[in-house]
Structures are given as structure tokens and as C-alpha cells.
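Reading the structure
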Amino acid sequence: MTLKDRILFYAFRKPVPVTLRELYQFGDNPSPKTLTLIAQFLQKELPVRFAQRLRDLKRLPFGLAETPSMQEVRKCYVTSFKALDEHPAVITEEDEHSFSQMIAHIKGNHKQIQHHIHNSVQELILASKENRDNLDLSRVLDSFYMSRLSIRMLTGQYMALQELDDGMIGMIEVQCSPSQRAHKAADKAAKLCKLHYGRAPEVEVVGNKEIGFSYIPSHLEYIFVELLKNSMRAVCEHHRDAHQLPPITVAIAEGDDDVSIRVSDRGGGIARDGMKRIWTYAYTTANTEDVTPDSIAGFGDGLPTARLYARYFGGDLKVMSMQGFGTDAFLHIHRLGNVDEQLPY
């Protein structure tokens, strides 16, 4: 069977979604036998997820699949699928060790995927006769990024279990504190804000600051950073002549099943006709030629990607705005951990 046929074979198989609780329970006190079982699951599961992405990459609209950067993405996924498909079956601990080295290599090769996606969207915009606002890539890129997130979660959890870390089960923090993550994200966002505006609004955390639950801290921190960067930028620009900037408030509340978080700013808000554009990947108010890792505004994929992080295990992210006053972002996180991955299949 040719490589093309193998990809097609796996693309028609159904992926097996996992829950956060299953990742937690299976990773608790990992032994060589446990790692071997995880490797066996990944050896069956990852080819399915890679193959389905390769199939969908060929179907991208507006000519996005033909852009040079998207071709690089496809090459990377083909290489990863081939490595998984050709690896001998994982049976012994030695097999598992070899498999983990291959996964580490795949993860290294995929570090530039996000950059290639950025570039492919920009290449499409430059080459297309369509107005930027008419290039609605939300559905296809939501699907691609959610799949990429699921692959990164499975491989990242597996690799993180190779080394024990206090308070962590792989990528999962046993008692993840939204308050602590909000403060840490505020420090990161404020540093960027001060680089561009010379100052930054204070961030006040209120509500249930003591709550902790099992969650992926990197996901929560990413969401906080994106929301706070947007809020800080809006506040600084809306109050550029003010002596003192109004603070941004992060309110945390605990429900029966969810933890709800509201990020509120007084940055002037967003016009109603602009609200639908905040979730589109081709939309940004920044000059993309000037975007660097230290930029407070980027390629326009920060907020849509943050929503995917929230939705991945059954949560959500919503934004409401009052033009002339400010914006509220509502983050809901399913804290019980019993919701399947939200896979785009």
C-alpha cells in the first residue's frame, strides 16, 4: 500500500477522544508499563489525526492550500505521519523509549507550524482579489487549530510524563489556581504593554481567589495573556491623554460544574459591526510587517485561538462590548474534567 493510500485509510477512521480526567488518572504515578500503554494508544491514534488533517489541508478554500507556507505545513504533516506509520509496534520498554524519541522529534519539527499558518494567511491576502473581510477562514482554521491542539495535548502529556514534577501530572496541574495564572499573565501582558506605551493599567483580581482545580495551566495562561493584552492595548489607546489609567478587573466565580471568569476593561469598547470580526483569523489592527514576539498586537489569531483553548475540554469564551465604555470577556471552564475533547471530525 502506498503512502497516499495509507493516509487515506487512516483518514476514514474515527479518532478516539479522551477526557481531562482520563489523562489525569492514566498519568498519575506513571510507571514504565503505563508509559508503554500510552505509547501504544498514541501509535494507533496519532496517524488517524494526522491523516485527517492532511485530507482537510487539500480542501482549504480560497486557494489557501496552494500558498507556499501551507505547502510547508503539509510536508511537515506527511513526514510526521510517515514516521508514525513506519515505526515498529511498541511492545517492550525499549520500544517505548524509541517511540518517545520519535515523538520528541515530531514535536520539534512542528514548532514552526504556527508561523507557517500566519504566513499562509498573509500570502493569501496579498495574492487574493477578495477583500480581507470576505476571506472567512474561521471554520477551516478553527478545525485545523483544534486538531493541532489535540495532537499537541496528547504528545505533550506523554512527553511530560517522562519526568516527574511536583504538583503536576504531565501537563496537568493538580491544583491550578486561576488567580495565580491571572497574575502571572498580567505580568507578561504588562511587560509588553510598557514596551509599546510606556505604561500599563493595573489588573485587579477579585472574587473567589482561593479556588484551585485540575487543569492545564499553559492553556489557562494563554487565554489570560491574550485577553489582557487586548484589554491593556484598548485602555492605553482610549485613555492616552489621561494621567491615570482605569484598572482591568478579573472576577473569578465557582459554579457547580464550571469556573467562570470575567475580564473587564474600560478601553472604549468595540463597535457592533466589528464584533463579528474579532473571531476571524484574517483580521488584525496591527501592521503585520512590524509584528515581533514582543508585539502587543499580532496577526489576528490570538483571540480565536484562545477560544479554542477554552472549548477544547468543554468550556467557552465569549465577548460582550459597549462602544464608548469598555469590553467584558467571559471565560467558562468545565472543572469536572469529564467532557471529551471537542474534536473537529
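Residues numbered from 1 in each chain as written. Predicted model: local features only at pLDDT ≥ 70, side-chain atom pairs only at ≥ 80, totals over all residues. Heavy atoms only, no water.

It is worth spelling out the sheet that holds strand E6 (residues 258–265) at this point. An order of E3-E5-E6-E8-E7 is seen for the five strands of this open sheet, with the pairing classed as mixed. In this open sheet, the two strands that pair with only one neighbour each are strand E3 (203–207) and strand E7 (316–322). The average angle at which neighbouring strand axes cross in this sheet is 15°, direction not considered. The pairing of E3 with strand E5 (residues 248–254) spans five bridges and is parallel. Residue pairing across strands places Val-206 opposite Ala-251, the latter belonging to E5. Sitting on the sheet, helix H8 (residues 178–197) is in contact with E3, E5 and E6, with an inclination near 170° to E3. Of the strands in this sheet, E3, E5, E6, E7 and strand E8 (326–334) are in contact with helix H9 (residues 217–238), which crosses E6 at around 20°. (Pairing = 2+ DSSP bridges. Helix = DSSP H or I, 4+ residues; strand = E, 2+ residues; numbered from the N terminus. Axes fitted to C-alpha atoms, helices over the stretch in contact; angles between N-to-C directions. Contact = heavy atoms within 4.5 Å.)

Remark: helix H4 (residues 68–86) packs on helix H5 (residues 93–109), axes separated minimally by 10 Å, with the N-to-C direction vectors making an angle of 175°. As the angle between them shows, H4 and H5 are arranged roughly antiparallel. Where H4 approaches H5, its residues Cys-76, Ser-80, Ala-83 and Leu-84 are matched on the opposing element by Phe-99, Met-102, Ile-103, Ile-106 and Asn-109. Residue composition of the contact of H4 with H5, grouped by class: seven nonpolar, two polar and no charged. (Parallel < 35°, antiparallel > 145°, perpendicular 65-115°, else oblique. Nonpolar A, V, L, I, M, F, W, Y, C, P; charged D, E, K, R; others polar.)

Before going further, it helps to spend a moment on unusual backbone geometry. The residue Asn-29 is not glycine, and still its phi comes out positive at about 50°. Take Asn-29: it is sitting in the loop between helix H2 (20–27) and helix H3 (32–57). The residue Phe-62 is not glycine, and still its phi comes out positive at about 60°. Overall, Phe-62 belongs to the partly exposed group, its relative accessible area being 38%. (Buried < 20%, exposed > 50% of the residue type's maximum accessible area, 1.4 Å probe, protein only.)

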